[in-house]
Amino acid sequence: MDNKQSTLELGTKPVGRLLWQYALPAIVAMTASSLYNIIDRAFIGQMVGPEAIAGLGITFPFMNLSAAFGAAVGVGASACISMKLGQKDYKTAENLLGNTVTLNLIVGFLFMAVCLLFLDPILRFFGASDVTLPYARQFMVIILLGNMVTHMYFGMNAVLRAAGKPRHAMYATLFTVGMNILLVIAFVWWFRWGIRGAALATIASQSMALCWQMWIFSDKRELLHLKRGIFKLKADLVRNIIAIGISPFLMNVTSCIIVIFMNNQFVRYGGDMAVGAYSIANSMAMVFFMFVMGVTQGMQPIVGYNYGAEKYDRMMRCLWLAIGVATSILLVGWALAMLFPLQIARIFTTDPELLRLSVRGIRLDMLVFPIIASQAVITNFFQCIGKVKISIFLSLSRQLFMLLPLAYLLPLWWQLDGVWYSMPFSDFGSFAMTWPLLLWYLRKFKTYGK
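Every chain's residues receive numbers from 1 upward, in the order its sequence appears when written. Since the coordinates come from a predicted model, pLDDT governs what is reported: local features require at least 70, and pairs of side-chain atoms require 80 or more to be given and counted, while whole-chain, interface and lining totals use all residues. Calculated side-chain values reflect all of the structure's heavy atoms, with hydrogen atoms and water omitted.

This part covers the packing of aromatic side chains. The rule is short: rings of Phe, Tyr and Trp, with Trp giving its six-membered ring, pair when the centres are within 6.5 Å, and they are stacked under 30 degrees, edge-to-face over 60, tilted in between. In this structure the tally under the stated criterion is 19 aromatic pairs. Measuring from ring centre to ring centre gives 4.7 Å for F266 and W420, while their planes differ by 55 degrees; the resulting arrangement is tilted. Placement of the pair is F266 in helix α11 (residues 235-270) and W420 in helix α18 (residues 411-442), with a sequence separation of 154 residues. Only protein chains enter the accessibility calculation, which uses a 1.4 Å probe; a residue is then buried when its area is under 20% of its type maximum, exposed when over 50%, and partly exposed in between. The class for F266 is buried, based on a relative accessible area of 0%. A residue is classified by how much of its surface remains accessible, and W420, at 2% relative accessible area, is buried. One aromatic cluster in this structure is built from F381, F382, W440 and Y441. Counting from the N terminus, the helices are DSSP H or I runs at least four residues long and the strands are E runs at least two residues long.

Here we come to the packing of helix α12 (residues 272-308) against helix α15 (residues 352-365). Note on method: axes are straight lines fitted to C-alpha atoms, helices fitted across the in-contact stretch only, with angles between N-to-C directions ranging 0 to 180 degrees. It is the contact of α12 with α15, at a shortest axis distance of 8 Å, that shows an interaxial angle of 45 degrees. Judged by the inter-axis angle, α12 sits oblique to α15. As for how α12 packs across α15, the hand of that crossing is right-handed. Taken together, the residues of α15 that come into contact with α12 (itself represented by M273, A274, G276, A277, I280, A281, N282, M284 and A285) are E353, L354, L357, S358, G361, I362 and D365. Considering only residue class, the contact of α12 with α15 consists of 10 nonpolar, four polar and two charged. Each angle receives one of four descriptions, namely roughly parallel if under 35 degrees, roughly antiparallel if over 145, roughly perpendicular if within 65 to 115, and oblique otherwise. Left-handed describes a crossing whose near helix is turned anticlockwise from the far helix by less than a right angle; the clockwise case is right-handed. Between two residues, a contact is recorded if the distance between any of their heavy atoms is within 4.5 Å. Lys, Arg, Asp and Glu make up the charged group, whereas Ala, Val, Leu, Ile, Met, Phe, Trp, Tyr, Cys and Pro make up the nonpolar group; the residues left over, Gly among them, are polar.

So, on to the state of the cysteines. When the sulfur atoms of two cysteines come within 2.5 Å, that pair is taken as a disulfide. This structure, assessed with the given rule, holds zero disulfides. Free cysteine C80: the closest other cysteine sulfur is in C384, separated by 11 Å.

Looking now at the environment of I323. Among the structural elements, I323 can be located in helix α13 (residues 312-339). Take I323: its relative accessible area is 8%, and that puts it in the buried class. Separated by 27 residues in sequence, I323 and T296 have C-alpha atoms that sit 9.1 Å apart. Look past the residues within four positions of I323 in its chain and what remains in contact with it is S374, V377, I378 and W435.

Here, a salt bridge means any side-chain nitrogen of Lys or Arg that lies within 4 Å of a carboxyl oxygen of Asp or Glu. What the rule picks out here adds up to seven salt bridges. Across the pair E353 and R356 runs a salt bridge, and its minimum N-O distance is 2.7 Å. Here the residue E353 and the residue R356 both occupy positions in helix α15, the gap between them amounting to three residues, near one helical turn. When its relative accessible area of 52% is taken as the criterion, R356 is described as exposed.

Right, let's talk about the nonpolar core for a bit. The nonpolar core is taken to be a set of buried Ala, Val, Leu, Ile, Met, Phe, Trp, Tyr and Cys residues, with the residues joined through side-chain atoms within 4.5 Å. Formed by 141 residues in total, the largest nonpolar core has its most connected members in F266 and F381. No other element matches α12, which puts 18 residues into this core. Not counting residues within four places of it along the chain, the set of residues in contact with F381 comprises M299, V303, M315, M316, L319, L438 and L442.

Before going further, it helps to examine α18. Multiplying 1.5 Å by the helix residue count minus one yields the expected span of that helix. With 32 residues, α18 extends just 39 Å between its outermost C-alpha atoms, more than 12% less than the 46 Å of an ideal straight helix rising 1.5 Å per residue. Bend is computed residue by residue as the angle between axes fitted to the seven residues ending at the residue and the seven residues starting at it. The largest bend in α18 comes to about 90 degrees, at D417.

If you want it as structure tokens, here you go:
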């Protein structure tokens, strides 16, 4: 089957089979990626020590901030490409591909340059102490030097999914994860390069995967392929990319702000070990949330294409299926967190104090875990159909409007526990806002309820 035919299937093939076809590779890829993060942190925690894993937790805001700029380009471009393919505007879709490459290079370089210039003050602001700063700095210097590779790798994977190649996107991620694990074992365990080795493994594996992605897009037989004349930035295309990408950008920037604030709150009320516990709890939650992200990534080209083709009944069936699958996944994660938190924490550390804090943190962090699945899917749905203002509002509702004030107020009464309580409270509040907004909007579609 040629590439054009596989793209046209987005508007004809049964929606359930399509969601399975597109979501499964994304789920496998995202889950493998999150499992790598667990292995990475486990190696660092066991081989380097609890202070190192706390230092790695300080780098979360940096990673979120980098992801924010990458999402503004990659997610925005992939959504635009999906809609243009649905409209059979293949020339514009190809120009979007070229502009995605150029924007990723520009944004990746500027982010690297600015952050390297002010690295220590930024890490201090993010919550680093005298103990954790050296570990965080060692990791981030290498990650930032490879930032253009990281931006391009994630951007090209998003475009692969939009272009009807979900399996290729999965293969790229699986290769990156597998190579990452092998290199971490070599660099951290064999060569004893510590936290620097983990960072080098990340950039090296992404570089190899990026070479393969660019080789695919260099094939002239592909519906979308790299060629002269598509790399010059066009104002209207850039505006469209950023207009849609602003929602995931703000969501990731907000995550960065929240993690900075949470790190500082955990240091204030519980010390460096509390930051380490937060890092462990986040790692556990992200394993299952990556499943949900895989579902939303698989949903994106289907919803975008059918919205562009005005096939709203297919678009709605995809939304309901995605919500059901995502909620089921987080129910499993919730059950494991409630029943086996000690066993989960022992993957990362044997330190008694860090274990004690992590067990309580895992349970509180994931207390109402299943209800955030639909919030994530619905937010992504509005992004897929270009409803930027609604998507931005939902992106910000949980973290900026709810979590931030709660994380400040609740510790005034409950100290360290108050910082943990703020997370499930904000999850429930965001859930309560999302569904009425979706139901209000769906009245505009005659296919509502199908």
